[in-house]
Amino acid sequence: MRIAQDIAETIIDPKAYAVGTPIDDAFRVLRKEAPFAIAEPTGVDPFWVVTKFDDIQLIERQNDLFHNGDRSAVLTTIEADKMVREMMGGSPHLVRSLVQMDNPDHMAYRRLTQAWFLPQNIKKLEPRIREIARSFLDRMAAFGTECDFARDVAFLYPLHVIMEILGVPESDEPKMLKLTQELFGAADPELSRSGDAAQGTEAGVNSIAETVGEFIEYFNAITEDRRANPRDDVSSVIANGQINGEPLDHFAAMSYYIIAATAGHDTTSNTTAEGLWALCNHQDELAKLKADPSLINGHIEESIRWTTAVKHFMRTATEDTEVAGQKVAKGDWLMLCYQSGNRDEDHFDDPFAYKVDRTPNKHVAFGYGAHVCLGQHLARMEMRILWEELLPRLESVELNGTPKRMESSFVCGPKSVPIRFKMN
Amino acid sequence: MADTDFKTWQCRTCGYLYDEAEGDPTEGLAPGTRWADIPDDWVCPLCGTPKSDFDMVEL
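Computed from a prediction, not measured in an experiment: that's the story for all the values here. (Residues numbered from 1 in each chain as written. Chains lettered and ligands numbered in written order. Predicted model: local features only at pLDDT ≥ 70, side-chain atom pairs only at ≥ 80, totals over all residues. Heavy atoms only, no water.)

Q: Describe the interface of chain B and chain A, naming the residues involved and giving the relevant values.
A: Each partner contributes to the interface: chain B provides 17 residues, whereas chain A provides 17 residues. With both chains or domains summed, chain B and chain A bury close to 1200 Å², and 52% of this area falls on carbon and sulfur atoms. Summed over the shared surface of chain B and chain A, the result is one salt bridge. Notably, a salt bridge pairs Lys362(A) with Glu27(B), separated by 2.9 Å at the nearest N-O pair. Of the residues contributing to the side of chain B that touches chain A, the split by class is ten nonpolar, five polar and two charged. (Contact = heavy atoms within 4.5 Å. Buried area = accessible area lost by both parts, 1.4 Å probe. Salt bridge = Lys/Arg side-chain N within 4 Å of Asp/Glu carboxyl O. Nonpolar A, V, L, I, M, F, W, Y, C, P; charged D, E, K, R; others polar.)

Written as structure tokens, this is what we have:
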């Protein structure tokens, strides 16, 4: 079954994700009329659109049957795919991080840093992260009664945390933020390196390749430093790590830094900013949360579901199989639509309502299976600390203008959340 | 059995912790539910890893 052309064009349109409603409307129709069907947008190879929660989980937990690395792990155009393969010696990827790997490499590379990100290890970071959170909230209070919560707090706090974990100096944080926004905001004229919306074109691929090159140049220097002077940071683990008794493949090591330095803060920033935006629009939920701080974890989980900062990943079938009663051929490309899964009426009661006490709230915002987000425990802890510190000080908050999201069909969240507030 | 005898189990894939003392009510596992009493076909709620791929951990 082929989905309607206007919907196929919408679900890959970065502008539609920025607005939000067109995406929710398109997926609502698909979940009802074509929950697992083929899209053929102009200039893009055909792909299956996976919209139901259960189908997303089913595919994500079969990591041998559905690979990340065989074709591009994110949606791309025919033109961009051709160009990347020419640049990368046949590979469809500009980087080779955990996201682009399959087993046995994926497991070996993931194990390298997994211990760092486990709850029992990051627990020791809690006092320092609380200090960082307080400093950003003091800064917010110093703004008086108005600020842009996305730009002034939400972007900067998780950035500072992950950069401390990586051992990147504070003076380099603006550079890391800029490069991250260039990478994830390649389709957004305000954020892209080239200053236009050239994603999926030759110019767009060149811009992303330049950003990746700048990251690699930066982390080459970090690698050399950590090999000479190992510290207790994740960069030292990557620089000195071994896979099967050998140092990490250089390109994979550089890609490891890049994913940690980008996905390690941007998605948490998006969720934090969107979480406050949601509370501004749902003052009853804010009141409930302020009255009962034990709901903070519920609010965090709901903000993760609500935001679904990673909108999709792609998988490739490694053999002929069947999904949702339909035949999928070896080599077929599948788009896992997490935002749709997290609004699935068959999985969530009243999915378009924001509820800080939603129970149960099992979502797919962090993915599922072997590729589930490595940093999910850190993300939850950072957000818990921020809300624990912010809510008792926040007397009131409301929107002070219209928030804006980044134009992106991949990682997407607010780039501006203007607020008016009273803090003690 | 005393509370101190409760154990914690961790998913090898994603790090999810199952504390026998706390259980996981969202999974239908009441506080005090022993690991041995969880069905063998139960999977990690965060990533779907089978129960057999959990390790007992000391925290």
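From this point, the narrative continues.
Q: Outline unusual backbone geometry, supporting the account with residue identities and numerical values.
A: All names here are of chain A. For the peptide bond that leads from asparagine 103 to proline 104, omega is 10 degrees, which places it in the cis range. Structurally, proline 104 can be placed in the loop between α5 (78–87) and α6 (105–114). The omega torsion across threonine 359 and proline 360 is -10 degrees, close enough to zero to call that bond cis. Topologically, proline 360 is positioned in the loop between α17 (338–341) and α18 (376–390). Here the phi dihedral of alanine 324 falls at roughly 50 degrees; this positive angle occurs in a residue that is not glycine. (Helix = DSSP H or I, 4+ residues; strand = E, 2+ residues; numbered from the N terminus.)

Q: Let's hear about the sheet that holds strand β4 (residues 146–148) of chain A: which residues, and what values?
A: Residues and elements named next belong to chain A. Pairing in this open sheet of three strands is antiparallel, and the strands run β4-β14-β11 from one edge to the other. Only two strands of the sheet have a single partner each, and these edge strands are β4 and β11 (394–399). Put simply, the sheet's adjacent strands are angled 30 degrees from each other on average, direction ignored. Lying on the sheet, helix α8 (residues 126–142) is in contact with β4, β11 and β14 (418–423); it crosses β14 at an angle near 95 degrees. (Pairing = 2+ DSSP bridges. Axes fitted to C-alpha atoms, helices over the stretch in contact; angles between N-to-C directions.)

Q: Before we move on, can you summarise the nonpolar core with the specific residues and values?
A: Across soluble globular proteins, nonpolar side chains have a tendency to be buried as a group. All names here are of chain A. Ranked by internal contacts, the top residues of the largest apolar core, which has 107 residues, are Met140, Phe149, Tyr157, Met176, Phe219, Trp387 and Ile419. Ranked by the residues each element gives to this core, the list is headed by helix α14 (residues 250–281), at 14 residues. Those residues in contact with phenylalanine 219 that sit more than four places away from it in its chain are Val168, Met176, Met254, Tyr257 and Ala261. Formed by 25 residues, the second largest nonpolar core is a distinct cluster that contains Phe36, Phe53, Ala317 and Phe348. (Core = buried A, V, L, I, M, F, W, Y, C linked by side-chain atoms within 4.5 Å. Buried < 20%, exposed > 50% of the residue type's maximum accessible area, 1.4 Å probe, protein only.)

Q: How would you summarise the packing of aromatic side chains if you had to cite specific residues and measurements?
A: Taken as a whole and assessed by the stated rule, the structure comprises 20 aromatic pairs over all chains. Arranged with centres 6.0 Å apart and planes meeting at 85 degrees, the rings of Phe53(A) and Phe348(A) form a pair that is edge-to-face. Taken together, the positions of Phe53(A) in helix α4 (residues 53–60) and Phe348(A) in the loop between α17 and α18 put the pair 295 residues apart, joining distant regions of the chain. By the burial criterion, Phe53(A) is buried, and Phe348(A) matches it. Centre to centre, the rings of Tyr18(B) and Trp42(B) are 6.4 Å apart; their planes meet at 65 degrees, and the pair counts as edge-to-face. Of the two residues, Tyr18(B) is situated in strand β2 (residues 17–19) and Trp42(B) in the loop between β2 and β3 (54–57); the sequence distance between them amounts to 24 residues. (Phe/Tyr/Trp six-rings, centres within 6.5 Å; stacked < 30°, edge-to-face > 60°.)

Q: Could you give an account of the pattern of salt bridges, with specific residues and numbers?
A: Residues and elements named next belong to chain A. In this structure the tally under the stated criterion is 45 salt bridges over all chains. Glutamate 146 is the partner of arginine 420 in a salt bridge, and the nearest nitrogen-oxygen pair spans 4.0 Å. Within this pair, whereas arginine 420 is found in strand β14, its partner glutamate 146 is found in strand β4, the two being separated by 274 residues in sequence. According to the relative accessible area criterion, glutamate 146 is partly exposed, its value standing at 42%. The residue aspartate 357 makes a salt bridge to lysine 288 at a minimum N-O spacing of 3.5 Å. Here aspartate 357, found in the loop between α17 and α18, pairs with lysine 288, found in helix α15 (residues 283–291); they are 69 residues apart in sequence, far enough to count as distant. Classification of lysine 288 by relative accessible area gives partly exposed; the value is 31%. The network of salt bridges with common partners includes Glu126, Arg130, Arg134, Arg384, Glu388 and Glu389.

Q: Break down the side chain of Asp55(A) for me, with residues and values.
A: Within the fold, Asp55(A) resides in helix α4. Asp55(A) has contacts with Val50(A), Val323(A) and Ala324(A), leaving out every residue within four places of it along the chain.

Q: Provide a residue-level description of the packing of α8(A) against α18(A), including the pertinent values.
A: Residue and element names in this part refer to chain A. Running from N to C, α8 and α18 cross one another at 50 degrees; their axes reach a closest spacing of 9 Å. What the angle tells us is that α8 and α18 run oblique. For the element pair α8 and α18, the recorded crossing hand is right-handed. Facing Glu126, Ile129, Arg130, Ala133, Arg134, Leu137 and Met140 of α8, the residues of α18 in contact are Leu378, Met381, Glu382, Arg384, Ile385, Leu386, Glu388, Glu389 and Leu390. Per-class residue counts for the contact of α8 with α18 are nine nonpolar, no polar and seven charged. (Parallel < 35°, antiparallel > 145°, perpendicular 65-115°, else oblique. Left-handed = near helix turned anticlockwise from the far one by under 90°.)

In short, shape yes, function no, at least from these values alone.
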